[in-house]
Amino acid sequence: MAELIPYRQAVAEGIAREMRRDPSVAIVGEDVGAAGHVFKITAGLFEEFGADRVRDTPISEQGFLGMAMGAAMTGMPTIADLMFADFAANGWPYIANEIPKVRYMTGGQIKKLPLVIQFANGGGLGFGAQHSQAIESWLLTIPGIRIVAPSTPADATGLMASAIRAGDPVAYLAHKALLATKGTPAPPDHVVPLGEAAIRREGHDVTLVALAWSVPLALQAAEQLEAEGISAEVIDLRCLNPLDTQTVKTSVAKTNRLVIVEENPYQGGWGATVASLIGQESFTDLDAPITRIAAANVPLPFADILEQQVLPSVAGVTDTVRQLLNT
């Protein structure tokens, strides 16, 4: 049996595999080099690939995003690491208005933009309002950026391969609260196609749709519900763009109930998009209203006990499912 590895190591391994496969792949960002990243998701890369391909940058998100975009425009696959996902706000002019639009603005002269923007995403560790945000829903408002958010070490490696090879701008969201969790390492040459959800647990009474941090939360809830005779199917979306609605629709056709579990604030969360699509395309399969469980519409508190009140919980999921089954 393979030894389990931490999620953070799997992220670094995903980058390393692609850098070995393609000598043109490079990564830039703050402390990605000798320090191995503040979250150690680039550990070992500097030692193996050197300063030319693993480049530390000044503290200027717009500066190194512009550099990475320019490199990608020449065909060089580049990873730009923004450290905390919240810092996307500092690089927003490039993320929202330059990177996703350059192929259109050049009339197709630039046919590919192999650029991965890597973030340490999400809350749950008590880092406060400016270092704990889950930004999937920010990114989902921008046409032209693919969005991946792995929940397991194997997917962290496999989705990194797809992200770097995509030829499109990709936001890669490594969740901070999952970094220390362990799982089976990815097999050699492991690639997870973009836009393919995974069924993490089969069930027939209710479908739980989750992403990244909310996947283990949904699985814990499903395990508790099973002890009560309630069978919950858990779907890990893995990607928001492209979005695998077919796997969700197939599950809902079987269970007739859908609960969406997301870390983003309820207002404008990605779950609203999923709910809208399923409500429109699978309405006749539903025996109860689609229900969303999300974070409260407040900045994330610094105090652990308060942050836990804001974010979704296992108890919140189990209570919601029980109520749904009684409607």
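Residues numbered from 1 in each chain as written. Predicted model: local features only at pLDDT ≥ 70, side-chain atom pairs only at ≥ 80, totals over all residues. Heavy atoms only, no water.

### Side note on the overall build of the protein chain
Counting its secondary structure elements, the protein chain contains 12 helices and 14 strands. Considering only C-alpha atoms, the protein chain reaches an extent of 60 × 45 × 40 Å along its principal axes. A fraction of 80% describes how many contacts in the protein chain between residues 6 or more apart in sequence connect residues 24 or more apart. Put simply, the protein chain shows about 13600 Å² of open surface, and 54% of that area lies on carbon and sulfur atoms. (Helix = DSSP H or I, 4+ residues; strand = E, 2+ residues; numbered from the N terminus. Contact = heavy atoms within 4.5 Å. Areas by Shrake-Rupley, 256 points an atom, 1.4 Å probe, with all protein chains shown as cover.)

### A few points about the side chain of Asp 155
Inspection of the secondary structure assignment puts Asp 155 in helix 7 (residues 153-165). The contact partners of Asp 155, leaving out residues within four places of it in the chain, are Pro 150, Met 160, Val 192, Arg 200, Asp 236 and Arg 238.

### Overview of the sheet that holds strand 10 (residues 206-210)
The 5 strands lie next to each other as 9-11-10-13-14, forming an open sheet whose pairing is mixed. Lying at the two open borders of the sheet, with one neighbouring strand each, are strand 9 (198-201) and strand 14 (291-295). Neighbour-to-neighbour, the strand axes of this sheet turn through a mean angle of 25°, independent of strand direction. (Pairing = 2+ DSSP bridges. Axes fitted to C-alpha atoms, helices over the stretch in contact; angles between N-to-C directions.)

### Some points on the packing of aromatic side chains
The description of an aromatic ring pair uses the distance of the two centres, along with the angle that the planes make with each other. The tally for this structure, following the rule as stated, stands at 5 aromatic pairs. With a centroid separation of 6.0 Å and 70° between ring planes, the pair formed by Phe 84 and Phe 127 is classed as edge-to-face. Of this pair, Phe 84 sits in strand 4 (residues 78-84) while Phe 127 sits in the loop between strand 5 (115-121) and helix 6 (136-140); the two residues are 43 residues apart in sequence, bridging distant segments of the chain. Judged by relative accessible area, which is 11%, Phe 84 ranks as buried. Owing to a relative accessible area of 35%, Phe 127 belongs among the partly exposed residues under this scheme. (Phe/Tyr/Trp six-rings, centres within 6.5 Å; stacked < 30°, edge-to-face > 60°. Buried < 20%, exposed > 50% of the residue type's maximum accessible area, 1.4 Å probe, protein only.)

### Concerning helix 12 (residues 314-325)
Here helix 12 spans 17 Å end to end across 12 residues, near enough to the 16 Å set by a 1.5 Å rise per residue. Among the residues making up helix 12, those that are buried are Val 314, Val 317, Thr 318, Thr 320, Val 321 and Leu 324. Down the axis, helix 12 shows its buried residues gathered within 160° of arc, on one side only. Buried residues in helix 12 make contact with strand 10, helix 8 (214-226), strand 13 (258-265) and strand 14. (Expected span 1.5 Å × (residues − 1). Arc of directions from axis to C-beta.)

### Re the pattern of salt bridges
Within the structure shown, the criterion is met by 17 salt bridges. Between Glu 233 and Lys 254 there is a salt bridge, and its shortest N-O distance comes to 2.6 Å. Taken together, the positions of Glu 233 in strand 11 (residues 232-236) and Lys 254 in helix 9 (residues 245-255) put the pair 21 residues apart, joining distant regions of the chain. For Glu 233, a relative accessible area of 1% gives the class buried. Exposure remark for Lys 254: the relative accessible area of 40% places this residue in the partly exposed category. In the salt-bridge network here, residues are joined through shared partners; they are Glu 13, Arg 17, Arg 20 and Glu 48. (Salt bridge = Lys/Arg side-chain N within 4 Å of Asp/Glu carboxyl O.)

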